[in-house]
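Understanding the architecture of this molecule
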Amino acid sequence: MVFAAPNDALARAEGVLDADPTPLHASVAHQVIGIWQRDWGDMRIALYHLRRARDLAARAESADREADVLAALGVALVHAGRTQQGLAALERGVARGSGHTRARVLFRRAYARWVLGHHREALEDVRKAIPVLRQMEDVIWTARALTLRATVHLAVGAVDRADADFTAAEALWDTTGQEHDKADAVESRGLAAFRAGDIPAALRLLDEAEERYAKLGTPTFMLNIRRCEVLMAAGLAREALTEADAAIAVLDGIGGQSTRKAELLLAAARAARLAGEAHTAIARADMAVRLFAGQRRGWWESHARLVLIEARVAAGRSSGRLVADTAAVAERLASFGAPAAPEASLLAGRIALSLGWRADAEQHLAVAARSRRSGPPLARMTGWAAQALRAQAAGSGRGVLEACRRGLDVLDAHRMTLGASELRARATEQGAELAALAQQASLDSGSPRRLLVWSERWRATALSTPPTRPPADPELQSNLTAFREIAARAEAARMEARPVPALEREQRRLEREIRSRTLHMRGDTPGDGHRFDPGRLLERLGDDVRLVELAVLDGRVQVLLCGQGRVRRYETGLLADAEREAEHVQAGLRRLAHPGAEGRLPVVEAAGRRLEELLLGPAAAHLGDGPVVVVPPARLHRVPWALLPSLRERVLSVSPSASSWLRARETEPPPAGRHVLVRGPGLATGGAEVPHLAGRYGGSVVLEYADARVPRVLEELDGAELAHIAAHGTFRADSPLFSDLRMADGPLIVHDFERLDRSPYRIILSCCDTARFASVGADELLGLVTALLPLGTAGVVASSAPVNDAAVVPLMLALHKGLSQGLSLAEALRDARAALPGDALHQATGWAFSAFGAA
């Protein structure tokens, strides 16, 4: 019962002990309590009960009973970090048992050997056990043995063999009532999906396993470890670190398994390194190495040492000793048949290159490069990165570009299996090194056009195709509706200064549910195979329009000025200086949004001049007189470009990439030509521009007051030619896809927009912070505007800073006047700024808004 209904089994065992049992029955009861405590409770209590069970079995003079208890005790001792004692108990169990019991003991020894990383020995034991268990028609233990064998296969990279065993085990589990084992099987299938490269399926299966465990009321430390691994591969390293640290705290609180703590520390170290917290990674990895060494778990210790070295390199350390240590780890991982061995060889080569040791670097990189031909996507990318570094060291620019192209093609194919825009964006981080190597090789070649191609190759790729539409999932729809209701109630309570902890907890729970179901979506578009063509871009720009793409290499901004049939390159300032200046500008605009701050205007204008020098430099003199399109890197998304002196009087638009601008330029407006005007609650002006616009656009759909509810708003927005939304906006830096516009029934979030068949051709968002984004991945942006662009929207007007509601009204009226005269969004916004009063409040309001896209 202990793996079918754990808590019921525990209660039954305690009941047996209360009834003055025989030594044989008491041995069984103590063993059940020991197993329960071993897997879900306090290891000290577990060892006490299992030793009592062993002594009682000896008194009962039952060799098979004693063998069975010794096996359970041996596993517990291994999990407690007492490896030699545990293996000795298991050896005695194998010697004492016979027939059926011996097969079960062999299974337990195989499990302990898997925990220790002794994979070959584990496979030998489980292969001996399975035929006996099958012969005895022991369905439960046969299924357990198949599941374990599959898990060992995964550890050594044999995914196909693992899949066959998992399938066979699942068929057996379906005939039993072993609920905990069934949950474990679902968890294992999640691990197999992850190893096969299917992250959405892995997340879905791990969430399903968690639901099953929750019904049984048992902790899930192994599940935590596996989910951390998947979250890291999905680019969600900070979430993985939070999950690992929380699980460690729970494990410490109950005095749980030392082996699981070491594995959780390793997961936390990996996550911290990927999240850019090198010193946290060093601390976690060092502790993991010590625990694994004490537990005599060489396979695991080698993996922890690799992460420790990676973290030290990330913290800026580099030495010949590190090269030697990394090479030794790579050799040991290879001896274990561990899939991580190429990563270690790549790291050794990278450190050697940084020291100028070309011969050593070539030796290590050549080993790592072998993985580029086969295996899961991230392993192949490791191989291509090694090959690119080899070519760079050899001075072959062509070789660098070819390796980078092949590696990014692998990642492209992997990204398109992801349905959620968030996962697609975050996955690009894994290609950042390849993209940087290719850009540097292009810069070294002296060809601005080639640098433009490679700048575009890995910029805003999450926007290249629409995210997968959320399925017709009743539970997802129900969660979205409940989320809106709870969020609206919480907001109303906050406005009345009432405490809302219960509502906020429920809101966070619903956010987790919605996000979880969204991340489960698998990509349904293979990608259009499109490659950026600079010739096509230059043809579209013609002689009048200039496109300014900003690339960043080694921390310095490179301006690629496109127009008049050519691409020119200019080098300007440091990205870090520009980011600091942009933050000063944002602070100034926030102050200017309030009356009485006129004295800040000269300060903000001076910051605009400094930004121009840092970001455009000599290119500013070559912009011509026509329209300008700015394509900034993700880290400069908060720059109010209209503040820069050379751009202030221009027709100016912003785009995440040149490819995005081309797609927007070639997007046709819908034939229906419907205009939708939305007025949300709580605006200081009451959305005063909306009634005026309703008069300007006869026959437009006006949604206000109780009519401005999310379902109705979405229905009208779908396929509209123009939408104007006057509603409070909230940007969520912690979870950008929950950034929202406030409607009558609660927030309209990014996940809602992703359900549209086609978002409006043009959309104007007249409130604060609607053009704020989170920078993720290699060069990606998550936010409201970037959610709209792949869904059919060709142009957006939105603000990147807080604005004064009253000052927005004349800007919006002037903007729509221009649109009704046939102007584009960028043209109309330029004229609207010029039509505003010349005071600081109105000037700051005009600078805060940008036109995105090309409509």
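For the structure itself, look to the data block above.
My aim in this report is to walk through the structure given alongside it, one point at a time. Just so it is clear, the structure is predicted and the values come from calculations on it, not from any experiment. (Residues numbered from 1 in each chain as written. Predicted model: local features only at pLDDT ≥ 70, side-chain atom pairs only at ≥ 80, totals over all residues. Heavy atoms only, no water.)

**Structural notes on the pattern of salt bridges**
If you walk through the whole model with that rule in mind, you get 52 salt bridges. One salt bridge connects Asp125 with Arg113, and the closest N-O pair in it is separated by 2.9 Å. In this pair, Asp125 sits in helix α7 (residues 119-135) while Arg113 sits in helix α6 (residues 99-116), placing the two residues 12 residues apart along the sequence. The shortest N-O distance in the salt bridge between Glu243 and Arg227 comes to 3.0 Å. Of this pair, Glu243 sits in helix α13 (residues 237-254) while Arg227 sits in helix α12 (residues 221-233), and the two are 16 residues apart along the sequence. Each member of the pair, Glu243 as well as Arg227, is classed as buried. Residues joined in a network through salt bridges with shared partners are Glu402, Arg405, Arg406, Asp409, Asp412 and Arg457. (Salt bridge = Lys/Arg side-chain N within 4 Å of Asp/Glu carboxyl O. Helix = DSSP H or I, 4+ residues; strand = E, 2+ residues; numbered from the N terminus. Buried < 20%, exposed > 50% of the residue type's maximum accessible area, 1.4 Å probe, protein only.)

**Comments concerning the environment of Arg405**
Following the sequence through the fold, Arg405 ends up in helix α21 (residues 397-415). On a C-alpha basis, the gap between Arg405 and Ala4 in space is 51 Å, while along the polypeptide they are 401 residues apart. If sequence neighbours within four positions are ignored, Arg405 has contacts with Trp454 and Arg457. (Contact = heavy atoms within 4.5 Å.)

**A word on unusual backbone geometry**
The residue Glu61 is not glycine, and still its phi comes out positive at about 55°. Positionally, Glu61 belongs in the loop between α3 (43-59) and α4 (63-79). In this structure Glu61 comes out as exposed when scored by relative accessible area, which is 73%. In this model, Arg296 sits at a positive phi of 55°, which is unusual for a non-glycine residue. Among the structural elements, Arg296 can be located in the loop between α15 (278-294) and α16 (298-314).

**Let's talk about the nonpolar core**
Judged by nonpolar contacts, the single largest core of 132 residues is most densely connected at Ile199, Leu333, Cys404 and Leu423. The contacts of Cys404, once residues within four sequence positions are left out, are Ala388, Leu434, Leu437, Ala438 and Trp454. With 100 residues, the next largest nonpolar core counts Val710, Leu714, Ala723 and Leu756 among its residues. (Core = buried A, V, L, I, M, F, W, Y, C linked by side-chain atoms within 4.5 Å.)

**Things to note about the packing of helix α8 (residues 139-155) against helix α10 (residues 179-195)**
Here α8 crosses α10 at 20°, and the two axes come no closer than 11 Å. The angle between the axes of α8 and α10 places the two elements in the roughly parallel class. Every pair of crossing elements has a handedness; the one defined by α8 and α10 is left-handed. Counted together, Ile140, Arg144, Thr147, Thr151 and Leu154 of α8 and Asp181, Asp184, Ser188, Leu191, Ala192 and Arg195 of α10 form the full contact between these two elements. Residues of the contact of α8 with α10, tallied by class, amount to four nonpolar, three polar and four charged. (Axes fitted to C-alpha atoms, helices over the stretch in contact; angles between N-to-C directions. Parallel < 35°, antiparallel > 145°, perpendicular 65-115°, else oblique. Left-handed = near helix turned anticlockwise from the far one by under 90°. Nonpolar A, V, L, I, M, F, W, Y, C, P; charged D, E, K, R; others polar.)

**Regarding the sheet that holds strand β11 (residues 746-749)**
Strand order in this open sheet of three strands is β9-β10-β11, and the pairing throughout is antiparallel. Each of the sheet's edge strands pairs with one partner strand only, and the pair in question is β9 (729-730) and β11. Strand direction decides the pairing type here: strand β10 (residues 740-743) and β11, joined by four bridges, are antiparallel. Residue Arg742 lies in a different strand from β11, and its bridge partner there is Pro747. Across the sheet, helix α25 (residues 474-495) lies against β10 and β11, angled at about 130° from β11, the strand it touches most. This element, helix α32 (residues 710-717), spans β10 and β11 of the sheet and lies at about 30° to β11. (Pairing = 2+ DSSP bridges.)

Any functional reading would require information that these geometric values do not contain.
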